[in-house]
Amino acid sequence: GYSGNLKIEQFGSASLYNAPISTNGQAIICLVTAKHNISNLHTGKMFDGLLVKISMPHGSKPKYLKIPLKHDFPKSYWESPSGLDLVAIPIPANLTQGHEMASFAESQIITPQNAMENDISAGLMVEMFCVQFEYEDPIDYAMPETIPTTRYGHLSRLGFYDLGNGNFNIRPHVIDLHSSPGNSGATVLVW
């Protein structure tokens, strides 16, 4: 997160997701991260924007995007209407052209329905991909890829509770793994 003329104030993690915009498969790429990553942790002041590194194929130049944030209506990002610590920031497709990794799909996000269909429950292993700022070297800024720190743990509580009438009580999932500053907004995969 930056303020003013690229005064970097805070670091976090994010992933690219394909968010569907039609029923015929069209999607827009969104940067998805924790909502608190768009404001200064200590002052609470919203950042002017984000500086994002997008992974490119090995041997390419690194690609950095300067994403200004507009906080008054209409905002330049979507925030969870239910109050979750979650934002999605649409990114024009031409800005991510040539990026190395496939984006995640909205269908890969755990819901009560696909959790039951895929037997996702407490006790399963999880893997988290995050940017660990303390472990970065100058070469990390010059390399084309964003190489994450990978952490392993387990899903100790899945926050979906079936009320039996087709409705669910939803509370936070609990994931036990080591985390530290820079992990906010990281993608967690359930195995």
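Shown above is the structure to which this text applies.
Now for a look at the structure at hand. (Residues numbered from 1 in each chain as written. Predicted model: local features only at pLDDT ≥ 70, side-chain atom pairs only at ≥ 80, totals over all residues. Heavy atoms only, no water.)

Below, the discussion takes up the packing of aromatic side chains. Within the structure shown, the criterion is met by two aromatic pairs. An angle of 15 degrees between the planes, with centres 4.0 Å apart, marks the rings of Phe-11 and Phe-133 as stacked. In this pair, Phe-11 is assigned in the loop between strand S2 (7–8) and strand S3 (15–20) and Phe-133 in the loop between strand S10 (125–130) and helix H2 (138–142), connecting sequence segments 122 residues apart. Taking 5.4 Å as the distance between ring centres and 35 degrees as the angle between the ring planes, the aromatic pair formed by Tyr-17 and Phe-104 counts as tilted. A residue pair is termed long-range when its members are at least 10 positions apart, and Tyr-17 in strand S3 and Phe-104 in strand S9 (residues 104–105) qualify at 87 residues. Judged by relative accessible area, Phe-104 falls into the partly exposed class, the value being 22%. (Phe/Tyr/Trp six-rings, centres within 6.5 Å; stacked < 30°, edge-to-face > 60°. Helix = DSSP H or I, 4+ residues; strand = E, 2+ residues; numbered from the N terminus. Buried < 20%, exposed > 50% of the residue type's maximum accessible area, 1.4 Å probe, protein only.)

Here the focus is the pairing of strand S11 (residues 149–157). Pairing of S10 with S11, which is carried by six bridges, proceeds in the antiparallel orientation. Opposite Met-125, over in S11, you have His-154 as the bridge partner. Bridge count between S11 and strand S14 (residues 174–176): three bridges; the pairing is antiparallel. Note on S14: the bridge partner recorded for Arg-157 is Val-174. (Pairing = 2+ DSSP bridges.)

For the rest of this paragraph, the subject is the sheet that holds S10. The sheet built from four strands is open, its strands ordered S14-S11-S10-S15 with antiparallel pairing. Looking along the sheet, the strands with just one partner apiece sit at the ends: S14 and strand S15 (187–190). The average angle at which neighbouring strand axes cross in this sheet is 35 degrees, direction not considered. In terms of strand pairing, S10 meets S15 through four bridges, oriented antiparallel. Across the sheet, residue Met-128 finds its bridge partner in S15, namely Val-188. (Axes fitted to C-alpha atoms, helices over the stretch in contact; angles between N-to-C directions.)

Look at the link from Phe-73 to Pro-74: it is a cis peptide, with omega at -5 degrees. Along the chain, Pro-74 turns up in the loop between strand S6 (63–68) and strand S7 (78–79). In this model, Leu-6 sits at a positive phi of 60 degrees, which is unusual for a non-glycine residue. With respect to the element layout, Leu-6 can be found in the loop between strand S1 (2–3) and S2. For Asp-119, which is not a glycine, the phi torsion comes out positive at approximately 55 degrees. Structurally, the position occupied by Asp-119 is in the loop between helix H1 (112–117) and S10.

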